[in-house]
Amino acid sequence: MGKKSRVKTQKSGTGATATVSPKEMLNLISELLQKCSSPPPGPGKEWEEYVQIRSLVEKIRKKQKGLSIVFDGKRDDYFPELINISPLLVNSGSLYSQDRILQAMGNITLAFHLLCERANPSSFWLPYIQTLPSEYDTPLYFEEDEVQYLQSTQAIHDVFSQYKNTARQYAYFYKVIQTHPNASKLPLKDSFTYDDYRWAVSSVMTRQNQIPTEDGSRVTLALIPLWDMCNHTNGLITTGYNLEDDRCECVALQDFKAGEQIYIFYGTRSNAEFVIHSGFFFDNNSHDRVKIKLGVSKSDRLYAMKAEVLARAGIPTSSVFALHSTEPAISAQLLAFLRVFCMSEEELKEHLIGEHAIDKIFTLGNSEFPVSWDNEVKLWTFLEARASLLLKTYKTTVEGDKSFLETHDLTPHAIMAIKLRLGEKEILEKAVKSAAVSREYYTKQMTDGAPLPKYEESNIALLENTVADSRLPIVLRNLEDVEEQGDLKIDEAIDAEVTENGFVNGQNSLFNGTKSENENLSNEKSNRGTEDAKESSSESNDEVKE
């Protein structure tokens with residue numbers, strides 16, 4: 001078997017800091033919690049807030065230096081002992097039963113379970129825990145200058161939110177561990193550092209999966225040894241859970257030779273999601289995309305009519321859509337929204353009370369059946385202008401980023417960040433060009449007086465054989481481009497606990513506005529169902545496990 005490990009806490013030796021009094025540390029933690037619980041910053045002030053929070057975190061880390069748990073040897077030393085380890089599941093206990101955050105957020109509970117097991121020299125899961133990376137490449141591990149490369153990107157707001165949430169969660173749970181009676185027996189009582197929590201959060205965020213409970217009545221979060229070491233490639237999800245044999249099963253995407261690295265497909269994630277939640281940038285990501293938020297203004301004279309047409313198509317009047325890196329650049333939902341957005345009053349009436357109103361609603365998202373040539377020209381003109389405006393928000397150009405990558409000696413994190421902002425701009429540039437081509441095409445159709453394709457029952461085969469994303473009816477499909485919403489915001493729950501326990505002197509404010517994807521340790525898309533078991537696991541920007 002592998003080398004026997006010794007679990008130890010670095011309390012002395014090179015780099016160890018002087019002893020910090022509990023009162024001094026508690027004061028710093030209280031300051032951090034209060035800062036992270038303050039109202040969201042105004043426009044343009046997010047970076048300033050990030051720097052302030054980071055300064056407090058670094059001050060705490062400095063005073064905690066040498067207090068985190070480390071293992072002797074290398075990860076490779078423990079691989080032989082890993083074969084017979086079963087999944088590490090979310091568990092409960094007396095603290096869990098009395099803390100609303102742990103009850104609401106299974107991923108946070110799993111992170112604490114992981115920390116407790118890591119601190120236990122006799123833990124059944126120790127061979128697995130010893131093979132986990134000691135650090136990750138998520139933005140939580142970026143240096144401040146590396147984060148700066150993400151300025152002006154769409155991802156930066158989620159990066160800020162991820163850092164703020166993690167700091168807030170740590171400060172909150174530090175106080176819980178020090179003050180809650182049921183926390184007195186936890187192995188974390190004497191040593192619970194920010195670095196420990198960041199490690200646990202990142203381990204769960206990059207590896208968590210949903211599997212059925214023993215009786216199959218519900219799902220629970222788990223870390224799955226060995227399988228969660230597989231890197232990502234383009235393909236299809238081929239992992240599921242066999243209830244009869246009580247095991248996770250993965251079908252290979254291709255034939256693999258002995259000794260060859262096995263890859264799996266994590267899911268249809270953008271590179272922003274990969275960077276933020278998994279810590280790598282995937283070149284040639286066929287599912288990469290950028291967000292575009294659109295809505296019908298309530299001051300629009302035709303708002304009521306547009307809202308009704310959209311409602312019949314199952315589309316909200318305001319939503320976050322996406323521009324894709326591959327063709328088609330826009331989804332059926334976005335096409336349908338833009339068509340309604342640009343409709344004239346007469347066109348709206350035709351879709352509401354016209355003779356073929358149902359058929360017209362039915363084909364809103366299908367590119368084969370324009371509302372009118374004029375409508376198509378308007379929507380592509382609008383999209384071209386909107387994507388152009390988004391491009392202008394970046395401080396660097398595509399050419400500038402490419403040159404910078406070639407001529408500078410950069411850290412892996414910096415390369416990842418620049419590739420991400422470069423990728424966003426390339427998608428937007430492609431959208432601008434694609435919209436311009438479409439605008440010119442439909443302008444010619446209108447000028448030439450070309451007949452407009454009409455929907456008939458015989459066209460049903462045509463409709464069903466178009467791009468998968470544009471199959472009908474739209475009303476029966478969920479909006480895949482809309483941001484998913486969780487059951488409970490971690491910030492709201494912490495606010496409730498903070499207020500109840502008097503941690504922040506009556507502060508009770510939501511932080512950072514709306515829920516972000518990483519707010520509860522990447523609860524949304526990295527939490528798999530039984531047929532969608534793996535989308536989030538990696539630890540380096542070049543996809544090679546150390």
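Under an unreviewed UniProt entry, the name given to the protein is protein-histidine N-methyltransferase, and the organism recorded is Formicarius rufipectus. Regarding the protein, the relevant UniProt record gives this comment under Subcellular location (unreviewed entry): "Cytoplasm". Database annotation for the protein, UniProt heading Sequence similarities (unreviewed entry): "Belongs to the class V-like SAM-binding methyltransferase superfamily. SETD3 actin-histidine methyltransferase family."

A. Examining the overall build of the protein more closely. Secondary structure assignment for the protein yields 19 helices and 11 strands. For the protein, the residues scored as buried account for 50% of the 546 residues in total. Of all intrachain contacts in the protein linking residues separated by at least 6 positions in sequence, the fraction that spans at least 24 positions is 77%. By element, 51% of the accessible surface of the protein is carried by carbon and sulfur atoms, the whole surface being about 25500 Å².

B. Fine view of the packing of aromatic side chains. All told, the structure shown has 25 aromatic pairs when counted by the stated rule. Relative to tyrosine 141, the ring of tyrosine 136 lies with its centre 6.4 Å away and its plane at 55°, an arrangement referred to as tilted. With relative accessibility at 2%, the residue tyrosine 136 sits in the buried group. A relative accessible area of 9% places tyrosine 141 in the buried class. For the pair tyrosine 170 and tyrosine 197, a centre-to-centre distance of 6.4 Å together with 40° between the ring planes defines the contact as tilted.

C. Highlighting the pairing of strand E8 (residues 247–250). Note: strand E7 (residues 239–242) against E8, 4 bridges, orientation antiparallel. Looking across to E8, one finds that asparagine 242 is bridged to arginine 247.

D. A look at the state of the cysteines. Enumeration according to the criterion identifies 0 disulfides in this entry. Unpaired in terms of disulfides, cysteine 230 finds its nearest cysteine sulfur in cysteine 250, a separation of 6.3 Å. Residue cysteine 230 is classed as buried on the basis of its relative accessible area of 13%.

E. Highlighting the confidence of the model for the protein. Of the residues in the protein, 77% have a pLDDT of 70 or more, and the chain-wide mean is 80. Contacts from residues 1–18, a stretch scored under 50 in pLDDT, to residues over four places away or in other chains number 43 contacts. Counting contacts from residues 460–546, a segment whose pLDDT is below 50, to residues more than four positions away or on other chains yields 272 contacts.

F. Seen up close, the pattern of salt bridges. In the structure shown here, the tally under the stated rule is 25 salt bridges. Arginine 198 is the partner of aspartate 195 in a salt bridge, and the nearest nitrogen-oxygen pair spans 3.3 Å. Highlighted residues: aspartate 195 and arginine 198, both in helix H9 (residues 194–207), separated by 3 residues, approximately one helical turn. By relative accessible area, aspartate 195 is classed as partly exposed at 26%. The class for arginine 198 is buried, based on a relative accessible area of 7%. The network of salt bridges with shared partners includes Glu58, Arg61, Asp195 and Arg198.

G. Just the nonpolar core, in detail. Judged by nonpolar contacts, the single largest core of 65 residues is most densely connected at Leu32, Phe112, Phe173, Phe192 and Trp199. Ranked by the residues each element gives to this core, the list is headed by helix H8 (residues 156–179), at 12 residues. Excluding its chain neighbours within four sequence positions, the residues that come into contact with leucine 32 are Ile53, Leu56, Val57, Ile60, Ala167 and Ala171. Counting 41 residues, the second-largest nonpolar core is a separate cluster that includes Ile315, Leu348, Trp380 and Ala431.

H. Fine view of unusual backbone geometry. Omega for the peptide link from glutamate 327 to proline 328 comes to -5°, which places this bond in the cis form. Relative to the elements of secondary structure, proline 328 occurs in the loop between strand E11 (318–324) and helix H12 (332–341). Its identity as a non-glycine residue notwithstanding, aspartate 246 has a phi of 55°, on the positive side. One can find aspartate 246 in the loop between E7 and E8. The backbone phi angle of asparagine 284 is positive, close to 60°, even though this residue is not glycine.

Analysis parameters
Within each chain, residues carry numbers counting from 1 in the order of the written sequence. Residues qualify for local features only when their pLDDT is at least 70, as the model is predicted, and side-chain atom pairs are given and counted only at 80 or more; totals for whole chains, interfaces and linings, by contrast, use all residues. Working from all heavy atoms in the structure, the side-chain values ignore hydrogens and water. UniProt positions are given in the numbering used here, feature names are shortened, and annotations may be inferred rather than shown by experiment. Every helix listed is a DSSP run of H or I at least four residues long, and every strand listed is a run of E at least two residues long, numbered separately from the N terminus. Under the scheme applied here, a residue whose accessible area is under 20% of the maximum for its type counts as buried, over 50% as exposed, and between as partly exposed, the area being computed with a 1.4 Å probe on protein chains only. Throughout, a contact is declared for two residues whenever any of their heavy atoms are within 4.5 Å. To measure how exposed things are, a 1.4 Å probe is used in the Shrake-Rupley method; for residues, cover is taken only from the protein chains shown. Put simply, two rings from Phe, Tyr or Trp (the six-membered ring, in Trp's case) pair if the centres are within 6.5 Å, and we call them stacked under 30 degrees between planes, edge-to-face over 60, tilted for the rest. Here, a strand pair is defined by DSSP locating no fewer than two bridges between the strands. Any two cysteine sulfur atoms lying within 2.5 Å of each other are counted as a disulfide. Scored between 0 and 100, pLDDT is the confidence that the predictor attaches to each residue. The salt bridge criterion pairs a side-chain nitrogen of Lys or Arg with a carboxyl oxygen of Asp or Glu, the two atoms within 4 Å. Side-chain atoms within 4.5 Å link the members of a nonpolar core, which is a set of buried Ala, Val, Leu, Ile, Met, Phe, Trp, Tyr and Cys residues.

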